[in-house]
Protein chains: 2
Amino acid sequence: MNLKSLAEALGLSQTTVSRALNGYPEVSEATRKRVEEAAVRFGYRPNSRAKGLATGRAMLIGQVIPTSTQHEMVNPVFGDFVAGASQNLAQHGYDMLLTRVPGDDEGKVYREFRARGAVDGVIIQAPDVKDDRIALLNRIGLPFIVHGRSTGVTEPYSWVDVNNTQAFRRATEFLLQLGHRRIALINGLERMDFAFRRRKGYIQALENAGLSADPQLMCTDEMTEQFGYMKTRRMLAFEDPPTAFLCASMISAVGIRRALQEAQLVMGRDVSVIIHDDDLSYLRNGEEIPIFTATRSSVRHAGEVLADALMQLISDPDHPPINQLLEAQLVVGSSTGPAPLKAARLPS
Amino acid sequence: MNLKSLAEALGLSQTTVSRALNGYPEVSEATRKRVEEAAVRFGYRPNSRAKGLATGRAMLIGQVIPTSTQHEMVNPVFGDFVAGASQNLAQHGYDMLLTRVPGDDEGKVYREFRARGAVDGVIIQAPDVKDDRIALLNRIGLPFIVHGRSTGVTEPYSWVDVNNTQAFRRATEFLLQLGHRRIALINGLERMDFAFRRRKGYIQALENAGLSADPQLMCTDEMTEQFGYMKTRRMLAFEDPPTAFLCASMISAVGIRRALQEAQLVMGRDVSVIIHDDDLSYLRNGEEIPIFTATRSSVRHAGEVLADALMQLISDPDHPPINQLLEAQLVVGSSTGPAPLKAARLPS
DNA sequence: TTGAAAGCGGTACCAT
DNA sequence: ATGGTACCGCTTTCAA
């Protein structure tokens, strides 16, 4: 059923039917009723491509699937982000177009998007420090918004980010308060802006406390389970091992837990662990105090916020860049809900 | 730059240019060269919607984002599946269209897809036992393929699935071989077909060994960390607690590990854990033998296989249903690679 | 081998 | 308030 046959069935012109269905004011209420009813009855839905061709809009937002380069694995929270984003895009009639890039020529995809008119805007994930996608997109004039920021990029662009620096500063401060002095940082690839910022927060907290970061306790790599496991194992073997861990990925966190579990059993070692992204938990004498950032839901939330911002940018081409810094949640309590911070101190 | 202006710039008709670019044989090699070169030079790319309107194909595969109903969280391997699928779709010029359904009227989305001609086919995720989406899609005639199967559906349909029954039967057998008799099953929602099948495999293995499953050791719920944690805690408190755990989600596995870590510290308890999806690991006296199914990469692989199958279905409307059962990987070794199975026996 | 022109299914301008 | 029609950018039949 297309517009033509619907119009014929109603004995009206395509123009009128189209107007009635799209809420134009010049249609009489009587005909509008009649048309809408018939549309439902016949199950008429306008063809997406025809509509897009006529209006010049794709009603699609593009996104390149972000895989960590080597292992080609996708960040497990990607699904949550996408769920949040597409939920709010849907409210504006938009869907999400996912593409995968063979090599590292992501720029080619954006040029294609633009040239083919395949999408009305794009979402950029996991920007690097000095990410060059931003300049490209600004240049080709494809509306976009970055999930995260890119240190070193001076030209204006829209972004929605979580305050990673603050989150890690606070988490480190919390551990320091508890008496920890040897705090390990299991970080992601620091060419990625968010990892870069997390380290910054960690170092800030240490320096504010008059301590300097021990290079031996900081490591950076792709966030695999293996990475978390190996690094933790190695660090626990130091003569002055860390008493707490700060980590930024639920995947690596599994590895850390595995290593700790092993260490406790083998060495009877009593260690604390603090984990960012999904849950931060502090373990002391077998009593666990979960501190969590509930990142899966906050990533989802970021997706929602970002989608709304992008819709604004698209509806108004002259809209100034939107920059939105989301407060990092850092709640101490059980994973069923926040609770007051318990200051469990490290025994001297 | 569109076809018209490209044709004008070349002093050729749109027809010829179109033909040259689409590899029609009747174009002279000389003009084809000339056209292709000019297309590159001008950065010409055919408009997606115009092309789609003319050809009647959307070059898009639809997919509804699968969220577990209550918590609205997305399975963390979703990204890996999508990466695999869209990689192979891209080889055929297809992209993926993601939609989120507000309520539970997923059927409405598929009708829309069909009526609007928004996609050429769809991928169905996480089918329930007796999933009714299958009948609907068969009825409305939208090509589709299911990632997983649906026990109880008799009409033919295409699917790509992993042998979950076998995987869990084998894992259970392995634990039995090692001397375990009290094996816990931390399962997903058993209305979902894959969870249903996993329990089947678990029970099969027990019965083959002349044992019957203890209802106390089987639980099923949404795969949250909390779920894994709480159930493990509870089961460890039994007077005859499990000595091994079989789990089907990396998220719940974190909870299980957390509970075990705690238990070891508090109770000095020595437990084994076996985890499906991402890693199966066996822990004994502090010596860990990882047994893993590498599910993140195998889910990715499933996405690739499924995409290829769907491309076949779409290119040939009369193609009979494609059913492909992927062997579940069950490898014993380190997480860097497979190694021979070590039969670490439980002390009697 | 090349070109003219009729769709594909809508929207929107200009009349009436 | 309603209708006629050009047009969006491409493919494809038919004619030359």
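- Per an unreviewed UniProt entry, the recorded name for chain A is LacI family transcriptional regulator, and the organism is Pseudooceanicola antarcticus.

**Focus on the overall build of chain A**
Part 1: A tally of helices and strands in chain A yields twelve helices and 14 strands.
Part 2: A burial count over chain A gives 55% of its 348 residues as buried.
Part 3: Counted over contacts in chain A with a minimum sequence separation of 6, partners at least 24 positions apart contribute 63%.
Part 4: Carbon and sulfur atoms provide 50% of the accessible area of chain A, an area that totals close to 14,800 Å².

**Concerning the protein's contact with DNA strand C**
Part 1: Taken together, 28 residues are adjacent to DNA strand C, and A:L3, A:S18, A:Y24, B:T16 and B:R19 come closest.
Part 2: Protein-proximal atoms of DNA strand C, defined as those within 4 Å of the protein, fall in sugar or phosphate at a share of 56%.
Part 3: With respect to DNA strand C, the side chain of B:T16 contributes an N or O atom lying 2.8 Å from a phosphate oxygen.
Part 4: Side-chain polar atom of B:T31 to a phosphate oxygen of DNA strand C: 2.9 Å apart, as the coordinates give it.
Part 5: The set of elements that each furnish at least two residues to the surface near DNA strand C consists of helix 2 (14-21) and helix 4 (48-55) of chain A together with helix 2 (14-21) and helix 4 (48-55) of chain B.
Part 6: In terms of residues, the surface near DNA strand C owes the most to one element, helix 4 of chain A, which gives five residues.
Part 7: Of the residues contributing to the surface near DNA strand C, the split by class is eleven nonpolar, twelve polar and five charged.

**Topic: the domain arrangement of chain A**
Part 1: You can read the domains of chain A as domain 1 (3-46), domain 2 (60-162 + 299-327) and domain 3 (164-297).
Part 2: Between domain 1 of chain A and domain 2 of chain A, the C-alpha centre-to-centre distance is 37 Å.

**Focus: the protein's contact with DNA strand D**
Part 1: Taken together, 29 residues lie near DNA strand D, and A:R19, A:T31, B:L3, B:S18 and B:Y24 sit nearest.
Part 2: Here the atoms of DNA strand D within 4 Å of the protein split so that 59% fall in sugar or phosphate, with bases taking the remainder.
Part 3: Within the side chain of A:T31, a nitrogen or oxygen atom sits 2.8 Å from a phosphate oxygen of DNA strand D.
Part 4: Here a base oxygen of DNA strand D and a side-chain polar atom of B:T15 are 3.4 Å apart.
Part 5: Sorting the residues of the surface near DNA strand D by element identifies helix 2 and helix 4 of chain A together with helix 2 and helix 4 of chain B as the ones contributing at least two each.
Part 6: Per element, the largest residue contribution to the surface near DNA strand D is five residues, and it comes from helix 4 of chain B.
Part 7: The residue inventory of the surface near DNA strand D, partitioned by class, reads eleven nonpolar, 13 polar and five charged.

**Quick look at the side chain of A:R133**
Residues and elements named next belong to chain A.
Part 1: In this structure, R133 sits in helix 7 (residues 133-140).
Part 2: A polar side-chain atom of R133 sits 2.9 Å from the main-chain carbonyl oxygen of Q125.
Part 3: Side-chain polar atoms of R133 contact the backbone oxygen of A126, separated by 3.4 Å.
Part 4: What R133 contacts, discounting residues up to four positions off in sequence, is E106, Y110, I124, Q125, A126, P127 and D128.

Rules used in this analysis
- Residues numbered from 1 in each chain as written.
- Chains lettered and ligands numbered in written order.
- Predicted model: local features only at pLDDT ≥ 70, side-chain atom pairs only at ≥ 80, totals over all residues.
- Heavy atoms only, no water.
- Helix = DSSP H or I, 4+ residues; strand = E, 2+ residues; numbered from the N terminus.
- Buried < 20%, exposed > 50% of the residue type's maximum accessible area, 1.4 Å probe, protein only.
- Contact = heavy atoms within 4.5 Å.
- Areas by Shrake-Rupley, 256 points an atom, 1.4 Å probe, with all protein chains shown as cover.
- Near = heavy atom within 4 Å.
- Polar contact = N/O pair within 3.5 Å; in protein donor to acceptor, adjacent residues only side chain to side chain.
- Nonpolar A, V, L, I, M, F, W, Y, C, P; charged D, E, K, R; others polar.
- Domains from an automatic or database assignment.

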